[in-house]
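Report on the structure
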Amino acid sequence: MAGYTTKVKRDIERWLEAGMIDAGTAGALSSDIERNGAGRISFGSVLSMMAAALFAAAILIFIAANWEDFPRLLRVGLLFALIVLGYVGGAFLKMRGHDGYAEAVWVVAAASFGASIALIGQMYHLSGDEKQAILIWCAGTALAAAALRSSALTAGAVLLAVTWLLMNAWEHWSMRDLPFSYLLMALALYALSFWTHSAPARHLVVLSISLFVLLLYIRDETFNGPLMLIAASVALFAIGQTLPAQSRRWSGLGSGLPVHALIAFLFGIGIMQVALIEKPEFLIASIAAFAGIVAALLVAGRESSMLRWLAYAAFIFQLCFVYVVMLGSMIGTAGFFVVGGLVLSVLAWIITRLERRFSQAGGVS
């Protein structure tokens, strides 16, 4: 984004004036930030993407509203023209260096493809259901993302895959089926994200695994899924701390690797806490939750401000949750506010001290 590029350029100028780097290094750094910063989507590009999506929605609504007034051949031609113009127009913008606008137009084309599936299926009375349509839409979007190396289309394909998963899981408002084939789809989309350089898609895929584990628990009501998620998160966190540079490069998650590990841990332990809420084992699960949060904060908090604030929020939530479950019947409402105020005051003091220590130590991301 423009603000990021401007800030780094100012830092480069300051380093040059301070004698920290020479003119050659400053020039190389400036060229690199201009080359790589241009690929970032600016706020204006985001607004243009939203405007293009609204414009496409208006076109599709107009076509759908006047569907019966168009000859059948004209209907198909309009739909395919919208798709082709979107993809070709996006490629033209990409070649002209307008990456953000190109991604916006490609998203419109992908949305048009999904609408075309529904409208043509209705027109020709094709057999199938909504889940199959979403799956075809997802596959088509993924193929377009691979051909165009589009980050936005890759993220869109992941969202469509998650939609397909939820539609299968909650068909007729019951956990009738949970497709384990989604894990293969997630793996394929994760691999695709490296080809398209789509970090958002990778983050979405990793988060969706926790959602899959939740759906698995709802279906089977066993702790196999949550325990595997907890074990995987601990292993991921340990690998990230043991081999920081290699693991972040291999995973493609960068500095978000420990954050995702903590999120997965909280998801798994949270499922167990809710399931054990009326059993003595609830206390053991809660102690494990607190231990995991504190361990993540102490080990990796200095390197990641995002992880620190996630740990702070999780710790406060756990305190409130445990209080409501275990002490809510022992202390009145007034006592809750007194205890809550004291606890938050102590937490504010601890967080202030930790932030000051991390800031003095440096290396904050």
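So, here's what we can say about the structure. (Residues numbered from 1 in each chain as written. Predicted model: local features only at pLDDT ≥ 70, side-chain atom pairs only at ≥ 80, totals over all residues. Heavy atoms only, no water.)

This next bit is on a nonpolar patch on the surface. On the surface, a cluster of nonpolar side chains totalling about 320 Å² of accessible area is made up of Ile-239, Leu-243 and Trp-250. As for its position among the elements, Leu-243 is in the loop between helix 10 (224–242) and helix 11 (244–251). (Patch = residues over 30% accessible without salt bridge, like charges linked within 9 Å, V, L, I, M, F, W, Y side chains within 5 Å. Areas by Shrake-Rupley, 256 points an atom, 1.4 Å probe, with all protein chains shown as cover. Salt bridge = Lys/Arg side-chain N within 4 Å of Asp/Glu carboxyl O. Helix = DSSP H or I, 4+ residues; strand = E, 2+ residues; numbered from the N terminus.)

Moving on, we come to the side chain of Asn-168. In this structure, Asn-168 sits in helix 7 (residues 151–169). With relative accessibility at 8%, the residue Asn-168 sits in the buried group. Every residue in contact with Asn-168, bar those within four places of it in the chain, is listed here: Lys-131, Asp-177 and Pro-179. (Buried < 20%, exposed > 50% of the residue type's maximum accessible area, 1.4 Å probe, protein only. Contact = heavy atoms within 4.5 Å.)

Between its terminal C-alpha atoms helix 12 (residues 257–275) stretches 28 Å, which fits the 27 Å expected from 19 residues at 1.5 Å a residue. By the criterion of burial, helix 12 is predominantly enclosed, with 14 of the 19 residues buried. (Expected span 1.5 Å × (residues − 1).)

This part is about the nonpolar core. Among the nonpolar cores identified, the biggest contains 35 residues, and Tyr-87, Leu-153, Leu-178, Tyr-182 and Leu-189 are the most heavily contacted of them. Broken down by secondary-structure element, the contributors of at least two residues to this core are helix 4 (72–95), helix 5 (99–123), helix 6 (130–148), helix 7, helix 8 (181–196) and helix 9 (199–220). The greatest single-element share of this core, amounting to 10 residues, is contributed by helix 7. In contact with Leu-189, other than residues within four places in its own chain, are Ala-142, Thr-154, Ala-157, Val-158, Ala-161 and Val-205. Listed in part, the 18 residues of the second largest apolar core include Ala-261, Met-272, Ala-296 and Ala-311. (Core = buried A, V, L, I, M, F, W, Y, C linked by side-chain atoms within 4.5 Å.)

Counting through the fold element by element, Lys-94 comes out in helix 4. On the accessibility criterion, Lys-94 (32% relative accessible area) is partly exposed. With near-sequence residues (within four places) excluded, Lys-94 lies in contact with Asp-99, Ala-102 and Trp-106.

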